[in-house]
Amino acid sequence: MTAPAPLFDRLALIGIGLIGSSLARAARDYGLAREIVCSSRNAATRAKAMELGIVEAAFADPIDAARGADLIVLCTPVGTFGDLARSIAPHLKPGAIVSDVGSVKEAVIRDVAPHLPEGVHLVPAHPIAGTEFSGPEAGFATLFQGRWTILTPAVGTPDEVVERVAELWRRCGSNVERMDPAHHDRVLAITSHLPHLIAYTIVGTASDLEEDTKSEVIKFSAGGFRDFTRIAASDPVMWRDIFLTNREAVLEILQRFTEDLTALQRAIRKGEGEALHDHFTKTRAIRRGIIDARQA
Ligand code: NAP
């Protein structure tokens, strides 16, 4: 059987960390683009991307990567997208598609769309896949296999344009779903952003404990704490930008979480075993659902 034709002539990845380099690997291994290039502000990152053989060229200036590309994917922290879009916009070829992998969608559209010239399409994307590691060496081609990628194109974006981006992610092994950007941000606030905030809080609380207790926290971490430390080891710049750009949705869900936490606190204080048991039984069912959906 012959392999399907590449979807793009030139794929430009702006930023080549965990997600950018995973996409580069998948694009190379599955023949998704005839040419794959990247940009990074950092000489060591550019040298590493070339040494890994995942791009044909690595530029210091994103303009040089974006020039002539038919798909440009922003793979840096979301707080950088506005400035990047402003600088590459005048150099984009007509008909080019600009996409991204950012974890927040409304703010990305707000920051990127106004800069793009007529005839250039924006198809925002968020692959729900990742690890706590960063940089080009952390990536792997199968990262997106069996995971969801959410697309949040504006109403009126031509279907064939959205479909080309959807097909890119499908060929990376992803399941693709379209969503309204505000809805995406609310869903991710509970499934991803709040869990990270809780992990950062718990690990922060532990690291403020007295020295002798702290060493025991590490020694006996398998009791549950260890799982939070993995999440709390995620990139600080990326997560700072996520909380600043998805502020409203995170604050709303945090308010509900705080109320629920207070209810559990009261149940413990009042010795209401049945209430605690009912709550923990309900949460177990969610875990079963995740296993059944093969997202465990
Ligand atoms: P990463 O491994 O830390 O890579 C980030 C990349 O962005 C690096 O190439 C870095 O370049 C560059 N960068 C950082 N700050 C920059 C700045 N101020 N200006 C220009 N370039 C900058 O991060 P990642 O995990 O791939 O995340 C990239 C994007 O994917 C983020 O928007 C994140 O929200 C999204 N995302 C992440 C995950 C995840 O689990 N990690 C999952 C889904 C989506 P240098 O080498 O120059 O530092």
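Being a predicted model, the structure only gives us computed values, none of them experimental. Position numbers for residues count from 1 along each chain, tracking the sequence in the order it is written. Reporting in this predicted model follows two pLDDT cut-offs: at least 70 for local features of residues, and 80 or more for side-chain atom pairs to be given and counted; totals over whole chains, interfaces and linings ignore these cut-offs and use all residues. Side-chain metrics rest on all non-hydrogen atoms present in the structure, leaving aside hydrogens and water.

Caption draft 1: Region of interest: the sheet that holds strand β8 (residues 148-151). Two strands make a pair as long as DSSP finds a minimum of two bridges between them. Secondary structure elements follow DSSP: runs of H or I no shorter than four residues count as helices, runs of E no shorter than two count as strands, and numbering proceeds from the N terminus. Read across the open sheet, the three strands follow the order β7-β8-β9; overall the sheet is mixed. A single partner strand is all that each edge strand has here, and the edge strands are β7 (125-127) and β9 (175-178). Taken pair by pair, the neighbouring strands of this sheet meet at an average axis angle of 20°, ignoring direction. Alignment of β7 against β8, held across three bridges, turns out to be antiparallel. Looking across to β8, one finds that Pro127 is bridged to Thr149. Convention adopted: a line fitted to C-alpha atoms gives each axis, helices being fitted over their contacting stretch, and angles between N-to-C directions are expressed from 0 to 180 degrees.

Caption draft 2: Examining the site of the ligand more closely. Nearness is defined per residue: one heavy atom within 4 Å of the molecule or strand is enough. Taken together, the neighbourhood of the ligand is formed by 25 residues, with Leu18, Ile19, Thr45, Thr76 and Ser103 sitting nearest. Side-chain atoms alone can form a polar contact between residues adjacent in sequence; in general such a contact is a pair of N or O atoms within 3.5 Å, and within protein one must be able to donate a hydrogen while the other accepts it. Ile19 has a polar backbone atom sitting 2.8 Å from an oxygen atom of the ligand. Areas reported as accessible are Shrake-Rupley estimates using a 1.4 Å probe. Residue values count occlusion only from the protein chains shown. Compared with its free state, where it exposes 900 Å², the ligand has 83% of that area covered by protein. Of all the elements in the fold, those that place two or more residues in the shell around the ligand are α1 (18-29) and β7.

Caption draft 3: Spatial organisation of the nonpolar core. Among buried residues, the Ala, Val, Leu, Ile, Met, Phe, Trp, Tyr and Cys ones that are joined through side-chain atoms within 4.5 Å form a nonpolar core. Residue burial is assigned from relative accessible area. The probe radius is 1.4 Å, only protein chains are included, and a residue is buried under 20% of its type maximum, exposed over 50%, and partly exposed in between. Counting residues in hydrophobic clusters, the biggest one holds 37 residues, and the most contacted among them are Leu13 and Trp169. Whether two residues are in contact is decided by their heavy atoms: any pair within 4.5 Å suffices. Residues within four places of Leu13 in sequence aside, it is in contact with Gly20, Leu23, Ala24, Ile36, Val37, Cys38, Ser39, Val73 and Cys75. Ala66, Phe81, Leu92 and Leu122 belong to the second-largest nonpolar core, a separate cluster that totals 23 residues.

Caption draft 4: Quick peek at the packing of aromatic side chains. Between 30 and 60 degrees the pair is tilted, below 30 it is stacked and above 60 it is edge-to-face, where a pair is any two Phe, Tyr or Trp rings, Trp via its six-membered ring, whose centres lie within 6.5 Å. Applying the stated criterion across every chain, the model contains two aromatic pairs. Their ring planes at 85° and their centres at 4.9 Å tell us that Phe144 and Trp169 sit as a pair that is edge-to-face. You can see Phe144 sitting in the loop between β7 and β8 and its partner Trp169 sitting in helix α6 (residues 159-171), a full 25 residues away along the chain. On the numbers, 5.7 Å between centres and 45° between planes, the contact of Trp239 with Phe243 is tilted. Linking Trp239 with Phe243, this pair stays in helix α10 (residues 236-245), spanning four residues, or about one helical turn.

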